[in-house]
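Structural overview for review
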Amino acid sequence: MANTPQPLRRTALLASGVALLGLLTACGDENATSSGTPRPSEAARTAAATEPGSATATPGDTAPSVGAAPTDTAGSASASARGDGRCHTSELRAAVGRVDPGAGQRNFPVVLTNTSDRTCTVYGYPGAAFVAASGKHLGPDPERAPGSPETLTLTPGRSAWAGLSFSSPQISGARTATPAALLVTPPDEREPLEVRWTAGEVPVGGNASSVSVTALEAGTGP
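Here's what I pulled together on the structure shown here. Note that the coordinates shown come from a computational prediction; the quantities given were computed from them, not determined experimentally.

This part takes up the side chain of asparagine 114. Mapped onto the elements of the fold, asparagine 114 is located in strand E2 (residues 105-114). A distance of 2.9 Å separates the side chain of asparagine 114 from the backbone oxygen of leucine 154, its partner in a polar contact. Those residues in contact with asparagine 114, other than ones at most four positions away along the chain, are Glu91, Leu92, Thr119, Cys120, Leu154, Thr155, Pro156, Gly157 and Arg158.

Further remarks concern the sheet that holds strand E10 (residues 193-196). In spatial order, the strands read E4-E9-E10; together these 3 strands make up an open sheet with antiparallel pairing. Unpaired on one side and paired on the other, strand E4 (127-131) and E10 mark the two borders of the sheet. Taken over all neighbouring pairs, the strand axes of this sheet differ in orientation by 25° on average, direction set aside. Across 4 bridges, the pairing between strand E9 (residues 181-185) and E10 is antiparallel. Bridge pairing in E10 links alanine 181 to arginine 196.

By the element assignment, glutamate 217 lies in strand E13 (residues 217-218). Relative accessible area serves as the criterion here: at 41%, glutamate 217 is assigned to the partly exposed category. The spatial distance from the C-alpha of glutamate 217 to the C-alpha of glycine 163 is 9.1 Å, given a sequence separation of 54 residues.

Of all 5 residues making up E9, 5 are buried, and the element is well covered by its neighbours. Burial along E9 is two-sided: the face carrying Ala181, Leu183 and Thr185 and the face carrying Leu182 and Val184 are both buried. Summarising the sheet, E4 and E9 pair through 5 bridges and their orientation is antiparallel. Within E9, the position partnered with alanine 128 by the bridge is valine 184.

This next bit is on unusual backbone geometry. One non-glycine residue, aspartate 188, lies in the positive phi region at around 65°. Examined against the element boundaries, aspartate 188 turns out to sit in the loop between E9 and E10.

Here we come to the nonpolar core. Counting residues in each nonpolar core, the largest one holds 29 residues, and the members touching the most others are Phe130, Leu164 and Leu182. Top element by residues in this core is strand E7 (residues 159-167). It accounts for 4 residues. Residue contacts for leucine 164: discarding those within four places in its chain leaves Arg106, Asn107, Phe108, Val110, Ala128, Phe130, Pro142, Leu182, Trp197, Val211, Ser212 and Val213.

Counting across every chain of the model gives 3 aromatic pairs. Here phenylalanine 130 and tryptophan 197 contribute two aromatic rings whose centre-to-centre distance is 5.0 Å and whose plane-to-plane angle is 80°, an arrangement assigned as edge-to-face. Pair noted here: phenylalanine 130 is in strand E4 and tryptophan 197 is in the loop between E10 and strand E11 (202-205), with a separation of 67 residues, a long-range link. Of the two residues, phenylalanine 130 and tryptophan 197, both sit in the buried class. One aromatic cluster is present, built from ring pairs that chain together Phe108, Phe130, Phe166 and Trp197.

It is worth spelling out the pattern of salt bridges at this point. For the coordinates displayed, the defined rule picks out 2 salt bridges. Of the charged contacts in the structure, one is a salt bridge between glutamate 189 and arginine 86, with a shortest N-O distance of 2.9 Å. Of this pair, glutamate 189 sits in the loop between E9 and E10 while arginine 86 sits in the loop between helix H3 (76-81) and strand E1 (92-96); the two residues are 103 residues apart in sequence, bridging distant segments of the chain. A relative accessible area of 19% places glutamate 189 in the buried class. Overall, arginine 86 belongs to the partly exposed group, its relative accessible area being 24%. A salt bridge links arginine 118 to glutamate 91; the nearest nitrogen and oxygen atoms lie 2.6 Å apart. In this pair, arginine 118 sits in the loop between E2 and strand E3 (120-122) while glutamate 91 sits in the loop between H3 and E1, placing the two residues 27 residues apart along the sequence.

What counts and what doesn't
- Residues numbered from 1 in each chain as written.
- Predicted model: local features only at pLDDT ≥ 70, side-chain atom pairs only at ≥ 80, totals over all residues.
- Heavy atoms only, no water.
- Helix = DSSP H or I, 4+ residues; strand = E, 2+ residues; numbered from the N terminus.
- Polar contact = N/O pair within 3.5 Å; in protein donor to acceptor, adjacent residues only side chain to side chain.
- Contact = heavy atoms within 4.5 Å.
- Pairing = 2+ DSSP bridges.
- Axes fitted to C-alpha atoms, helices over the stretch in contact; angles between N-to-C directions.
- Buried < 20%, exposed > 50% of the residue type's maximum accessible area, 1.4 Å probe, protein only.
- Core = buried A, V, L, I, M, F, W, Y, C linked by side-chain atoms within 4.5 Å.
- Phe/Tyr/Trp six-rings, centres within 6.5 Å; stacked < 30°, edge-to-face > 60°.
- Salt bridge = Lys/Arg side-chain N within 4 Å of Asp/Glu carboxyl O.

The structure is reproduced here in structure tokens:
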């Protein structure tokens, strides 16, 4: 093996060390760019955000979603949760007023009263059904009388009424039964309100056994 002069060997080792140091430095610069240094587009956005007059986002802030309820209006969230503002069964009380006889007819006002602490609306016809003590329905459900329903606004304590009418069984000769209760369902609701029936027999079958109900009007009766 040929002997290399000592000065040349030191020079070669020094050159190799310098080359290795340069390679390590280049690798270190590349890692810093991918993990921490903003890319040119990010840097540009950062610079734009710090210019005077620009909007600067606070960490943790998020933009409100489209259609989100305003947070600066008192009660807006609860109003949204209640839907369109109509009166629900749980907010109403039902009652049947005194009979108003006339021309062989028996007419009763069916009254819905707002018992809640908010204003709500009713529109259209209430549902009605006579039932026995067992809960069995007696006769067909009342038919809707022709009319022009209107949206009625009920503040707390205010009422709306619909007319429940049928021919007197003593005159019509219809088959009758004596209900235990009248089930009244507010418009657009499914749960009924039960009202004790104290007005005697009602027609449930045969000729002239139909019962009719009118659209709701403001107040408690004619």
